[in-house]
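Here are the chains, one letter per residue:
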Amino acid sequence: IMITILSYFIFFSFQQRIEIHKLRQGDNLILGFSIGGGIDQDPTQNPFSEDKTDKVNGWDMTMVTHDQARKRLTKRNEEVVRLLVTRQSLQKAVQQSMMS
């Protein structure tokens, strides 16, 4: 039963929608942050491993390489990036409150 409850929370309560308006730097549009992770990367080396980007502008990002993720996030013709992110820190907080 607990796994079902946590799955429910993972898919609904712990996801956050984020909209990023890229910064203009000359003729370029930039995100303003570094991109980490990808299925080809060592997750222990990623300082942002608690956050998982599930979708970028509607594209599934769960099984992409670092380079594929970078290309999707930095497309030249997209001024706005819409992310669906799973936040592990929120999951941990809810789990701890349920155990209290």
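Residues numbered from 1 in each chain as written. Predicted model: local features only at pLDDT ≥ 70, side-chain atom pairs only at ≥ 80, totals over all residues. Heavy atoms only, no water.

- An unreviewed UniProt entry lists the chain under the name Tax1 binding protein 3, with Buteo japonicus as the source organism.

Describing the overall build of the chain
Moving on, step 1. Broken down by element type, the chain carries 3 helices and 6 strands.
Moving on, step 2. Written out in order from the N terminus, the α and β elements of the chain read α-β-β-β-β-β-α-β-α.
Moving on, step 3. Buried residues in the chain amount to 24% of all 100 residues.
Moving on, step 4. Within the chain, residue pairs in contact and separated by at least 24 positions form 76% of the contacts whose partners lie at least 6 positions apart. (Helix = DSSP H or I, 4+ residues; strand = E, 2+ residues; numbered from the N terminus. Buried < 20%, exposed > 50% of the residue type's maximum accessible area, 1.4 Å probe, protein only. Contact = heavy atoms within 4.5 Å.)

Things to note about the pattern of salt bridges
Moving on, step 1. All chains considered together, the criterion is met by 5 salt bridges.
Moving on, step 2. We note a salt bridge from Arg24 to Glu79, for which the minimum N-O separation is 3.7 Å. Here the residue Arg24 occupies a position in strand 2 (residues 23–25), and Glu79 occupies one in the loop between helix 2 (66–73) and strand 6 (80–87), the gap between them amounting to 55 residues.
Moving on, step 3. The class for Arg24 is exposed, based on a relative accessible area of 54%. (Salt bridge = Lys/Arg side-chain N within 4 Å of Asp/Glu carboxyl O.)

Section: unusual backbone geometry
Moving on, step 1. One non-glycine residue, Asn57, adopts positive backbone phi at about 50°.
Moving on, step 2. By the element assignment, Asn57 lies in the loop between strand 4 (51–56) and strand 5 (59–60).
Moving on, step 3. Overall, Asn57 belongs to the partly exposed group, its relative accessible area being 23%.

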